[in-house]
Amino acid sequence: MSLTISSAATVTGTNVKIPRLGFGVWQIAAANCAAACAHALQSGYRHIDTARLYRNEEQVGTAVRESGLSRADVFVTTKQGVRGDTPELTYQLALESVEKVAGSAPGAYVDLFLVHIPHIRGGADGRKEVWLALERLFREGRARAIGVSNYGVQHIEEMKAYATVWPPHVNQIELHPWCQQRELVAYCEEQGIVVQAYSPLATGTKLGDPTVEQMAGRLSKSLAQVLIRYGLQKGWVVLPKSENPERIRQNTDVFDFELGEDDMRVLDGLDGWY
């Protein structure tokens, strides 16, 4: 599979392209986030994934603005998993996230805005309210694409009753060899929904796995590099996270090798061991 650091997934029905390798900032404290993002951008990442819940949206925005890169050259995602007391307040919360990331100047935008979780206050009504707020941002050009995160098939199907934008452009879910969510991935692919993989390194819990360690040694790569490459070859947008500058750089060094069919089959066989 021919992949480069510039490889991107195209959002169905739009001209929006999502870099297939992204940098996740979950659990990176605000005090450290701008520096980590700066290292990522210097290492070649052009995609950063944040969220209101992470409390580091502003720091992501600062890193992008101070990088010397054009805003159009960096793809930024954020997410919202709460509703306000009224639909207007829910919209204002979403707009606040856009302004934290991109500033309040006319034309400021995020590239992708996701409903963070399905378990929002109010259940189905809450999911609807947050989605309609994101649709408003999309119409206004404040979000170039909109989608969901952690949604199952039932949640996406439920959206048909109220969504003007359907299917959602993206579903971001936990994906790695030990958690493959095959039915959900197949459904998303059938619907033309871009699949994003968070925690592609299994939150570090499998970094001593002997099967993957043996494979990494044979390929002269790190276990993390093998796991990132696996996600890329599955066709996912992959979002590794690190605060270590050297690991941040190493995690981009995944385009000079390929996992063979046998390697992919072995990794596929780890599903459910998490």
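In the nomenclature of an unreviewed UniProt entry, the protein is known as Aldo-keto reductase of Lasiosphaeria ovina. Under the heading Sequence similarities (unreviewed entry), UniProt records this for the protein: "Belongs to the aldo/keto reductase family."

Engineer: How do you make sense of the pairing of strand β9 (residues 194-198) when you look at a structure like this?
Structural biologist: The side chains of a regular strand alternate, residue by residue, between the two faces of the sheet. Burial of β9 is extensive: four of the five residues sit out of reach of the surface. Bridge analysis of strand β8 (residues 170-174) against β9 gives five bridges, and the strand direction is parallel. Its bridge partner being in β9, E174 is matched across the sheet by Y198. Sheet topology note: the β9/strand β10 (residues 237-239) ladder contains three bridges and is parallel.

Engineer: Would you take a moment to explain the pattern of salt bridges for this structure?
Structural biologist: Any two side chains of opposite charge can pair, given that their charged atoms come close. If you walk through the whole model with that rule in mind, you get 18 salt bridges. The residue K234 makes a salt bridge to D268 at a minimum N-O spacing of 3.1 Å. With K234 in the loop between α8 (223-233) and β10 and D268 in helix α10 (residues 261-268), this residue pair connects regions lying 34 residues apart in the sequence. What makes K234 partly exposed here is its relative accessible area of 29%. It is possible to trace a salt-bridge network through shared partners that takes in R52, E96 and K100.

Engineer: For this particular structure, what's the right way to read helix α7 (residues 210-219)?
Structural biologist: What sets the pattern is the α-helix's 3.6 residues per turn: residues three or four places apart point alike. Turning to α7, its buried residues number three or more, namely V212, M215 and A216. Taken down its axis, α7 places every buried residue within 100 degrees of arc, on the same side. More than 90 degrees from the buried face of α7, the exposed residues found are P210, Q214, G217 and R218. Packing partners of the buried residues in α7 comprise α8 and α10. Two to three positions downstream of the cap, the backbone nitrogen of T211 sits 3.0 Å from a side-chain oxygen, assigning the N-cap of α7 to D209. Looking one or two residues past α7, S220 carries a phi angle of roughly 55 degrees, positive in sign.

Engineer: Explanation requested: the layout of surface pockets in the structure shown.
Structural biologist: Empty pockets left among the atoms are what a rolling probe the size of a water molecule brings to light. Quantified by volume, the largest pocket comes out at close to 640 Å³. Surrounding the largest pocket, 31 residues form its lining, S199, L201, T203, G204 and K241 being those nearest its centre. Among the elements of the structure, α8 and α9 (245-250) are those that each provide at least two residues to the lining of the largest pocket.

Engineer: Teacher, can you tell me more about the sheet that holds strand β6 (residues 110-115) here?
Structural biologist: Backbone hydrogen bonds hold the strands of a sheet together, and the pairing may be parallel or antiparallel. Read across the sheet, eight strands follow the order β3-β4-β5-β6-β7-β8-β9-β10 without closing on themselves; strand pairing throughout is parallel. Among the strands making up the open sheet, the edge pair consists of β3 (23-24) and β10. Packed on one face of the sheet, helix α3 (residues 87-102) meets β5 (75-80) and β6 and runs near 150 degrees to β5.

Engineer: Any chance you could explain the packing of α8 against α10 here in plain terms?
Structural biologist: The description of two helices packed together rests on the angle between their axes and the distance between the axes. For the pair α8 and α10, the least separation of the axes is 11 Å and the interaxial angle reads 100 degrees. Between α8 and α10, the angle is such that the two are roughly perpendicular. In this structure, α8 contributes V226, Y230 and Q233 to the contact, and α10 contributes M264, L267 and D268.

Engineer: Explain the UniProt feature "site: Lowers pKa of active site Tyr" (unreviewed entry) in the protein to me, please; I cannot follow it from the model alone.
Structural biologist: Here the UniProt-annotated "site: Lowers pKa of active site Tyr" (unreviewed entry) positions come out as K79. In this fold, K79 is placed in strand β5. Apart from the residues within four sequence positions on either side, K79 is in contact with D49, T50, A51, R52, Y54, F113, L114, H116 and Q172.

About the thresholds
Residues numbered from 1 in each chain as written. Predicted model: local features only at pLDDT ≥ 70, side-chain atom pairs only at ≥ 80, totals over all residues. Heavy atoms only, no water. UniProt positions renumbered as here; feature names shortened; annotations may be inferred. Buried < 20%, exposed > 50% of the residue type's maximum accessible area, 1.4 Å probe, protein only. Helix = DSSP H or I, 4+ residues; strand = E, 2+ residues; numbered from the N terminus. Pairing = 2+ DSSP bridges. Salt bridge = Lys/Arg side-chain N within 4 Å of Asp/Glu carboxyl O. Arc of directions from axis to C-beta. Contact = heavy atoms within 4.5 Å. Polar contact = N/O pair within 3.5 Å; in protein donor to acceptor, adjacent residues only side chain to side chain. 1 Å grid on protein atoms, 1.4 Å probe; cavity = no way out; pocket = protein on both sides within 12 Å on 5 of 7 lines; lining within 4 Å. Points joined across faces, edges and corners; volume = space filled by probe spheres on them. Axes fitted to C-alpha atoms, helices over the stretch in contact; angles between N-to-C directions. Parallel < 35°, antiparallel > 145°, perpendicular 65-115°, else oblique.

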